[in-house]
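Chain by chain, the residues run as shown.
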Amino acid sequence: MDRRNSRRDVEGNSVITANRLLDGRIVWLAANGQWKTLIQDAKLYPNSTVEEALKARTAHAQEDGLVGIYGVQVTQTVSGPLPVTSRERIRAAGPTVHPDFTPDWHAPHPAPHA
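These notes cover the structure that comes with them. Just so it is clear, the model here is predicted, and its values are computed rather than measured.

## Let's talk about the overall build of the protein chain
A tally of helices and strands in the protein chain yields three helices and six strands. In sequence order, the protein chain lays out its α and β elements as β-β-β-β-α-α-β-β-α. Here the protein chain holds 114 residues, and 30% of them are scored as buried. For the protein chain, the share of sequence-separated contacts (at least 6 apart) that also reach a separation of at least 24 residues comes to 58%. Surface summary for the protein chain: the accessible area is close to 8,000 Å², and the carbon and sulfur share equals 55%.

Given below as structure tokens:
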């Protein structure tokens, strides 16, 4: 059972999400089997079948370069899937801080002052 979302309703839909190991980005499983960075591209699974889909995707996590695959319950809107929990809405929307205030992990770190 998907322990991260154990409160999934019997009715309704979910999408499948994970984190890419290469860069830590949040990704969503699309209908074509590719992992996309936008939740709008995510395939909807009826809650009654998402556990089966999770097992299949988790079996390929290492070869796909992913970690933390799990299902997220959503409601369908005109803009696409919308997670029902605040935590997942934040994950779907991206970082909660302005990019100017986050460390640039590509830049070399300055030497500490003595």
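## Here we look at the pattern of salt bridges
For the structure shown, the criterion picks out four salt bridges. One salt bridge connects D64 with R57, and the closest N-O pair in it is separated by 2.9 Å. When salt bridges with common partners are traced through the structure, they connect R87, E88 and R91 into a single cluster.

## Considerations on the side chain of E88
Within the element layout of this structure, E88 appears in helix 3 (residues 86–93). The buried category is assigned to E88, whose relative accessible area is 6%. Within the local environment of E88, its side chain forms a polar contact with the side chain of Y70, the two groups lying 2.7 Å apart. A polar atom in the side chain of E88 sits 2.6 Å from the side chain of R87. Once residues lying within four places of it in the same chain are set aside, the contact partners of E88 are Y70, V72 and P83.

## Considerations on the pairing of strand 5 (residues 66–77)
Pairing of strand 1 (residues 13–20) with strand 5 involves seven bridges; the strand directions are antiparallel. Residue pairing for strand 5: T17 is matched across the bridge by Y70. Counting the residues that bridge the hairpin from strand 5 to strand 6 (residues 80–83) gives two residues.

Cut-offs used in this document
Residues numbered from 1 in each chain as written. Predicted model: local features only at pLDDT ≥ 70, side-chain atom pairs only at ≥ 80, totals over all residues. Heavy atoms only, no water. Helix = DSSP H or I, 4+ residues; strand = E, 2+ residues; numbered from the N terminus. Buried < 20%, exposed > 50% of the residue type's maximum accessible area, 1.4 Å probe, protein only. Contact = heavy atoms within 4.5 Å. Areas by Shrake-Rupley, 256 points an atom, 1.4 Å probe, with all protein chains shown as cover. Salt bridge = Lys/Arg side-chain N within 4 Å of Asp/Glu carboxyl O. Polar contact = N/O pair within 3.5 Å; in protein donor to acceptor, adjacent residues only side chain to side chain. Pairing = 2+ DSSP bridges.

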